[in-house]
Amino acid sequence: LQSGRKETVLDLAKFVDKGVQVKLTGGGQVTGTLKVYDQLLNLVLDGAVESVRDHDDPLKTSDQTRVHGLIVCRGTAVMLVSPTDGTEEIANPFVQPEAVKEQHYCLDKF
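Here the structure is a predicted model, which is why all the values come from computation and not from measurement.

General note: in soluble globular proteins, nonpolar side chains tend to be found buried as a group. The biggest cluster of nonpolar side chains holds 15 residues, and the ones touching the most others in it are V22, L43, L45 and V78. Contacts of L45, omitting those with residues within four sequence positions, involve V20, V22, V30, T33, L34, G69, L70, I71 and C73.

See below:
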C-alpha cells in the first residue's frame, strides 16, 4: 500500500469503454458506456439511456426510456454499478402470486 494514495472500494478500470448499468438514489436507473470515473465515484457515461420510473409505483421502472447522450452521475447519488454484458434480468423469486397473498390476508382476519 502506498502512503498518501486513496483508492476506491470499486475497481471501475475494467468497466471503462464498456456498458454499465448505474442505479441511483431515489430509484433512478441509467445505462451507458463508462468513459471516466474518479475516486469520489463520479461517473461520465456516453450514450446514456434512463429507465423512466412507473408513475403508480416510483420504486419500479416502466418500459419507457429517455435518451440523454453524455451525462455525469454524481458519486453521492451512485448506489450500484454493474456491467451490462453477461447480465440478464430474472423474475423475483420472492414475489408471491396474488392468490397466495389473498389467502394469507383472509387467514389474518380470523
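What follows continues from the structure just given.
The next point concerns unusual backbone geometry. At D17, a position not held by glycine, the phi torsion is positive, near 65°. Its identity as a non-glycine residue notwithstanding, L41 has a phi of 70°, on the positive side. With respect to the helices and strands, L41 occurs in the loop between β2 (29-37) and β3 (43-53).

What follows concerns the confidence of the model for the protein. With 76% of its residues at a pLDDT of 70 or more, the protein shows a mean pLDDT of 80. No element of the protein has a lower mean pLDDT than helix α1 (residues 98-109), at 54, and none a higher one than β2, at 95.

Taken together, the 5 strands give an open sheet; going across it, the order is β4-β3-β2-β1-β5, and neighbouring strands pair in antiparallel fashion. The open sheet has two edge strands, β4 (61-73) and β5 (78-83), and neither has a second partner. Adjacent strand axes in the sheet meet at a mean angle of 30°, parallel and antiparallel pairs treated alike. Of the strand pairs in this sheet, strand β1 (residues 19-24) and β2 are connected by 5 bridges, and their pairing is antiparallel.

So, about the environment of T33. If you trace the backbone, T33 turns up in strand β2. Ignoring anything within four residues of it in the chain, the contact list for T33 reads D17, K18, G19, V44, L45 and D46.

Hairpin connection, β1 to β2: the antiparallel pair is bridged by 4 residues, and G26 has positive phi, about 90°. Where β2 lies against β3, 7 bridges are found, and the strand directions are antiparallel. Opposite L34, over in β3, you have L45 as the bridge partner. Where β2 folds back onto β3 in an antiparallel hairpin, the turn is made up of 5 residues, including L41, whose phi is positive at roughly 70°.

Calculation criteria
Residues numbered from 1 in each chain as written. Predicted model: local features only at pLDDT ≥ 70, side-chain atom pairs only at ≥ 80, totals over all residues. Heavy atoms only, no water. Core = buried A, V, L, I, M, F, W, Y, C linked by side-chain atoms within 4.5 Å. Buried < 20%, exposed > 50% of the residue type's maximum accessible area, 1.4 Å probe, protein only. Contact = heavy atoms within 4.5 Å. Helix = DSSP H or I, 4+ residues; strand = E, 2+ residues; numbered from the N terminus. pLDDT = per-residue confidence, 0-100. Pairing = 2+ DSSP bridges. Axes fitted to C-alpha atoms, helices over the stretch in contact; angles between N-to-C directions.

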